[in-house]
Every structure is written in C-alpha cells, then in structure tokens.
Amino acid sequence: MNLLENKAIQIANKNIKDKIRHWQYLVFSLGFAVMFTLLFYFFLGREVFQYAFPGMIIYTTAAGTTSAAISFAVDKTSGMLERLDTMPTGRKNLFLGALLSETLMISLQILIMFILGYAVLQVPFKGIFEIFIGFFIAVLFGISAVGIGIIISGIAKTPEIANAIALFYYMPILFLSGSLWPFESAIVFFTPPYWAKQVFLQITVLGDGLFDPLYSSSLFGPTGTAQQLPITLFGGLLVVIAFTLAFIILGIIIFQKKTKF
Amino acid sequence: MSVSKDSIAIEIKDLKKHFKEVKAVDGVSLKIRKGELFSILGPNGAGKTTLVRMLTTVLTPTAGDANVYGFSILTGKKEIVKNIGVCPQVITIYEVLKAEENVEFIAIMHGMTRKEAKEKTRTILEAFGIAGRKDWSKRFSGGMQRRLNLAMSLVFEPKILFLDEPTAGLDPQARRLVWDYIRDLKNRDITIILMTHDMVEADSLSDRIAFIDQGKIIAKGTPTELKEKYGSDNALEVSFINQEDLEIVKNNLKNIPFVVNWSEISRKERKTLLISFQGGLKNLMRLLQQGLIDNIDEVENMKFRQNSLEDVFLNLTGKRLRD
C-alpha cells in the first residue's frame, strides 16, 4: 500500500492542512515562540538569557498541550469523531495521525526557536551533535504535552473549555518546574518540564555526557545555586520518556472512556 | 409476510437503550429488507436517532441486539462499519478542506486506493453538482455543504445508508436533486434508512415506514397501508360562482355512497363546500364527475386535501409530528 493511503498518514495530512490553512493560528502560534524569545533576550540580557533559553524552548513546546486539546475537542463536539467512528478508521489511526501532525508542528516551532536562538541571537552551544540531542529532547517533551492535551480534550466539553484547562495546567507547572526561573524545591521533580529542561540545558550548554550527574533546577550561570542529584542525565532522559509514555497512554484511556457511549 | 434470512439487511431484536430513568428506545423489533428504503418517522426525542446510533455501533444498547448485514452490533462493529454509510443531520465536514479533499479523505478511510478515491470522488461530486469547486468547503452555501455532507457518506458505495434529515435546509431544486439521487441508489440495491420530518419526502421515497414515539414503534407498513389503516378521509373544498349551484351539488352528494359528509364554510360573500370522502384518487374523479361536472357549469375555486402521513401520526398519537 502506498504510504499516502495509510489512514494515520491521511489523518495527519488532513490535520496539518487544517492547521496551515488557519493562517491566524499558524502565525500566532509560531509567532509566540519568536516573541517570547525576543522578550526574554531583551529583559534578561545576553548572559542570563543563554542559560534561560532551554527553559524557554520547553515552555513554548508545552503549548502543544493547547493545540492537541483543542484539536481533539473540536472533533468531539463537531460530530466528526462520531462520524469517523462509523467508518473503518479505528481510533488507533486517529491518535497516531494526531500525534504525527502535532509532533511535526512542534518540531517546526522548535526549529524556529533554534534558528532564532543559536543562529541569530548567538546563544552558545557545545556542538552540532549536542544540538541534535537537544532537539530530540524538546520534541519528546512536546509529545508528552500532546498526551496531556488528549487527556484534557477527553474531559473538556467544548474546545473553549479545553483551551482554558490547558492554560490552567501549563502556566503554573512551568513556574513550579523551575524552567523559567530558579525554583529550589522538591516540587520540581514531579513536573515533566524540569527533567526535559535540565537534561537539555546540561547537554547543549555545558556539554555534559549522558552519564554525568544531573543537577537541581537552578539555572546555571550568575544566579545558579545548583545541587548535584544522585541521578545521571540518562536517568533524567528516562524520566522524560516515562512521563511521555504515561501521558500518551493515560490520554488515550481517558479519551476513549469519555467518548464511549 | 415471511422473509428469507438472506434478504434481510437489518434485524432488530427487542433493542433497548435507557439513559438512567429515560427509556430512549424501549424494546424495538424490526426487519428491514435488502434494497428497501425504510423511513423512521417520529417527533424530536422519540428515539429515532438513538436507535440509529445503536445500529451504526456508536451507542451500546442497554438490552437486546440487532444484526446489520448479518453482524451483531454487540460483537461485529469492525465488519458493520465496512458496510454502512452515515449522513448525519448536522453538517459534519472539514471546513478548511476543499470538497474533493473531504470526500477523498472519507474514501481512503474506507480503504480505497488513492486512484480509486479520486475517481469515485469526481463521479459523486459531479452527480451532486459540486464538482470543480476549488475553494474551501466553509465558503459553500448551506445547501452545497449539505450535498457535500451526503456525498461523503456515499463515496464508498455502502450496502446500507443511514440518512438523517438529508434535505433539511435545501432549496426545492437541490432537494429534488437529492431525491433523484436517493431513488437512483434504491435502484442500485442499496438499503436506505431515512429519518425525516418531511412527510412528503417519506411518502414519495419510502417503501415502508415505521412511526416511533416514546421509544416504541407504534405503527409500520407501506405509506398506502398506513394511510388506509390510520389516516383520515380525503377532502375536497369547492367555492361556487353561482350560489344556486351549491344547493344542486349538495343534493347530488346524497346519492354518492363514498361521500362521508359535507359542510358549508362562509368565505366573504361566497359559500364554500367542504366534502369529505373515502377512497383514493379514483373516487375523487367520480366525485368530480357525478357531483359537479354533470350538474353545474363552473366553479370558482377548488382544493383537494389528500390523506397524509401527518394525519396518520396525528391519529395514532394525538399530536403533530413537529410538536
């Protein structure tokens, strides 16, 4: 079978067309990443900015939560989900297609931030290989954000409510995770963004290897008071993977349960 | 009538769906033959949508079962969805996709190759008069969106088609286009389950009709059977130019056996006669001949009100279908 006849690919293709053709959504969601980066560069100054940049990438990637939550909630309330349920589509393809399209959009967003941060604003980094690893970590975190989005869409009755719940989740969690500002507290370990940001930061800025120790949430650099943790970067990466898998599986279970009549 | 098992498209056996205290569907049993156009009529909240959502495997029944093309709705979802097309009442299209993109998407979801999907899409969009539109579906008129909605449920040529108010909101020309297409589908042996409020639509298209009220089937049969069994008498309303003619006609009506009764209605200065009679169009012709043409020269105005499915429902339930 032709790849384009694969149902999940078709669903992803349709989702991407849907996103691209809503040009306001496209401009403002991608523009948000640019605006956010420039604002922080302007207010923090170059030296602090370079340490805060990984946290910013993780923050903007978390916006995937809203996108996925709204996308699924729209299908649910418009009747399209029910229509697809009367076809041999299969929910498996629906989720896979959504994951593919959301991951592609998140990757595009991260790419724009990388170009802006590393190429235009000259944020220092260890090497191209480390940047690739950083990109992978950011995308992985983005997928976990999609999982949370699916959970939210299962609970929310309308796309508007889904949007509100998503904001209600990711605004506090990004402060509590210490991603945007140092936060020395055990709370950070319960938040997915901390792990993604910390591994990303230590690999891309400090050039640490996967078996070097992980540090607490404080930003490195002028204000940093980072404590060494009894876990390596590899362990941290496993935590990110575990969070991602857990959110995706939980998302699918909750969505299935809430949309089964 | 006994029907062989092979000729049955849908067999519903004591199907029930209860939402807490509400008995949305309460013990429905039906057999729908292959190639038949079967209409389900009932007021809002009667249970027809719930019934169809169970048959299309979206809703799980509280009790009972149904076989759709030989597969149980409880265990055969995977097979059933390959054979059915559903056209929902609410227009369910992707608004930023073009008409052909919407239809092709559905075709591929049904397992067609890209080439097949393209060919079938072109054919069906031509049939529905929306081929060649290159703009997004959200820019279509309401009528065109509704036709696209229907085309999406037909592109893969389902064996059973569920149509929920397919012509709601369409102008008369578009409505006729859709009716013609539905008649054409009947000729191609597709079983059609039509849910509609439009009595004229149900009467002119259906092979058989079931009236549903409060979750139960209250009557079923062909449109003619239902009208004969539960309908009202036909009526003819005649206004006369010469008032003397009215008295002549009244005298003649006494001798026509199928005339049930008549009454005079005052319409300004002129008098009008409302004549109720039994039987169909043949009796109408006889009434015109024996009661009017043989005795008077001319009438001012004449209206014929035929016994309708609306009357059937009214007589069965004491309420109008749209109440």
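Small disclaimer: the values here were computed from a predicted structure and weren't measured. (Residues numbered from 1 in each chain as written. Chains lettered and ligands numbered in written order. Predicted model: local features only at pLDDT ≥ 70, side-chain atom pairs only at ≥ 80, totals over all residues. Heavy atoms only, no water.)

Draft legend 1. Focus on empty space enclosed by the protein. All names here are of chain A. Taken as a whole and assessed by the stated rule, the structure comprises three cavities of 30 Å³ or more. Approximately 80 Å³ is the volume found for the largest cavity. Lining the largest cavity, in full, are Ile 11, Lys 14, Asn 15, Ser 71, Phe 72, Asp 75, Leu 81, Leu 84, Leu 94 and Ala 98. Among the secondary structure elements, those contributing two or more residues to the lining of the largest cavity are helix H1 (7-21), helix H4 (64-78), helix H5 (80-85) and helix H6 (91-120). Classifying every residue of the lining of the largest cavity gives six nonpolar, two polar and two charged. (1 Å grid on protein atoms, 1.4 Å probe; cavity = no way out; pocket = protein on both sides within 12 Å on 5 of 7 lines; lining within 4 Å. Points joined across faces, edges and corners; volume = space filled by probe spheres on them. Helix = DSSP H or I, 4+ residues; strand = E, 2+ residues; numbered from the N terminus. Nonpolar A, V, L, I, M, F, W, Y, C, P; charged D, E, K, R; others polar.)

Draft legend 2. Here's a closer look at the domain arrangement of chain B. Its domain assignment divides chain B into domain 1 (5-229) and domain 2 (233-306). Inter-centroid distance (C-alpha atoms) of domain 1 of chain B to domain 2 of chain B is 43 Å. (Domains from an automatic or database assignment.)

Draft legend 3. Representation of the pairing of strand E9 (residues 208-213) of chain B. All names here are of chain B. In terms of burial, E9 is largely enclosed, as six of its six residues are buried. Judged by which residues are buried, E9 turns out to be covered on both faces: Arg 208, Ala 210 and Ile 212 on one side and Ile 209, Phe 211 and Asp 213 on the other are all buried. Bridge analysis of strand E3 (residues 37-41) against E9 gives four bridges, and the strand direction is parallel. Looking at the pairing, Phe 38 lines up with Arg 208 of E9. As defined by bridge partners, E9 adjoins strand E10 (residues 216-221) across five bridges and the pair is classed as antiparallel. Across the sheet, residue Ile 212 finds its bridge partner in E10, namely Ile 217. The hairpin turn running from E9 into E10, its antiparallel successor, is two residues long, and Gln 214 in that turn takes a positive phi close to 50°. (Buried < 20%, exposed > 50% of the residue type's maximum accessible area, 1.4 Å probe, protein only. Pairing = 2+ DSSP bridges.)

Draft legend 4. Region of the structure containing the sheet that holds strand E1 (residues 8-19) of chain B. All names here are of chain B. Strand order in the open sheet formed by four strands is E2-E1-E4-E5, and the pairing between neighbours is antiparallel. Every other strand in the sheet has two partners, leaving strand E2 (22-33) and strand E5 (71-72) as the edge strands with one partner each. Relative to strand E4 (residues 63-68), E1 runs antiparallel, the two sharing five bridges. Looking at the pairing, Ile 10 lines up with Val 68 of E4. The strands touched by helix H1 (residues 48-55) are E1, E2 and E4; relative to E1, the strand with the most contacts, the crossing angle is about 120°. (Contact = heavy atoms within 4.5 Å. Axes fitted to C-alpha atoms, helices over the stretch in contact; angles between N-to-C directions.)

Draft legend 5. Focus on the side chain of A:Lys197. Relative to the helices and strands, A:Lys197 resides in helix H9 (residues 192-204). For the buried A:Lys197, no salt bridge exists, and the shortest N-O distance to an oppositely charged side chain is 8.4 Å, to A:Glu184. (Lys, Arg positive; Asp, Glu negative; His and termini not counted. Salt bridge = Lys/Arg side-chain N within 4 Å of Asp/Glu carboxyl O.)

Draft legend 6. Structural context of unusual backbone geometry. All names here are of chain B. The backbone phi angle of Glu 157 is positive, close to 50°, even though this residue is not glycine. By the element assignment, Glu 157 lies in the loop between helix H5 (142-154) and strand E7 (160-164). For Asp 189, which is not a glycine, the phi torsion comes out positive at approximately 70°. When you line up the elements, Asp 189 lands in the loop between helix H6 (172-187) and strand E8 (191-195). For Asp 189, a relative accessible area of 58% puts it in the exposed group.

Draft legend 7. Focus on the environment of A:Thr86. Its place among the elements puts A:Thr86 in the loop between H5 and H6. Among the residues examined, A:Thr86 registers a relative accessible area of 4% and is labelled buried. Spatially, the C-alpha atoms of A:Thr86 and A:Ser71 are 20 Å apart, while their sequence positions differ by 15 residues. Those residues in contact with A:Thr86 that lie beyond four places of it in its chain are B:Thr56, B:Val58, B:Val81, B:Ile84 and B:Val86. In this structure the side chain of A:Thr86 is engaged in a polar contact, spanning 2.7 Å, whose partner is the backbone oxygen of A:Arg83. (Polar contact = N/O pair within 3.5 Å; in protein donor to acceptor, adjacent residues only side chain to side chain.)

Draft legend 8. Inspection of the pairing of strand E6 (residues 84-87) of chain B at higher detail. Residues and elements named next belong to chain B. Neither face of E6 is left uncovered, since the one carrying Ile 84 and Val 86 and the one carrying Gly 85 and Cys 87 both have all their residues buried. In terms of strand pairing, E6 meets E7 through four bridges, oriented parallel. In the sheet register, Val 86 faces E7, and the bridge partner there is Phe 162.

Draft legend 9. Quick peek at helix H2 (residues 23-44) of chain A. All names here are of chain A. Over its 22 residues, H2 extends 31 Å from the first C-alpha to the last, a length consistent with the 32 Å expected when each residue adds 1.5 Å. The sharpest bend along H2 comes to roughly 30°, located at Gly 31. When we look at burial in H2, the residues that qualify are Leu 26, Ser 29, Leu 30, Ala 33, Phe 36 and Thr 37. Residues of H2 that are buried in the fold lie against H1, helix H3 (46-61) and H6. Backbone geometry just downstream of H2 places Gly 45 in the positive-phi region, at approximately 85°. (Expected span 1.5 Å × (residues − 1). Bend = angle between axes of the 7 residues up to and from the residue.)

Draft legend 10. Expanded view of the sheet that holds E6(B). Residues and elements named next belong to chain B. Strand order in the open sheet formed by six strands is E6-E7-E8-E3-E9-E10, and the pairing between neighbours is mixed. For this open sheet the edge positions go to E6 and E10, each flanked by a neighbour on one side alone. Put simply, the sheet's adjacent strands are angled 15° from each other on average, direction ignored. Across five bridges, the pairing between E7 and E8 is parallel. Counted as the bridge partner of Phe 162 is Ile 193 from E8. The strands that H1 touches are E3, E7, E8 and E9; relative to E3, the one it contacts most, it runs at about 135°. Of the strands in this sheet, E3, E9 and E10 touch helix H11 (residues 309-317), which is tilted by about 35° from E9.

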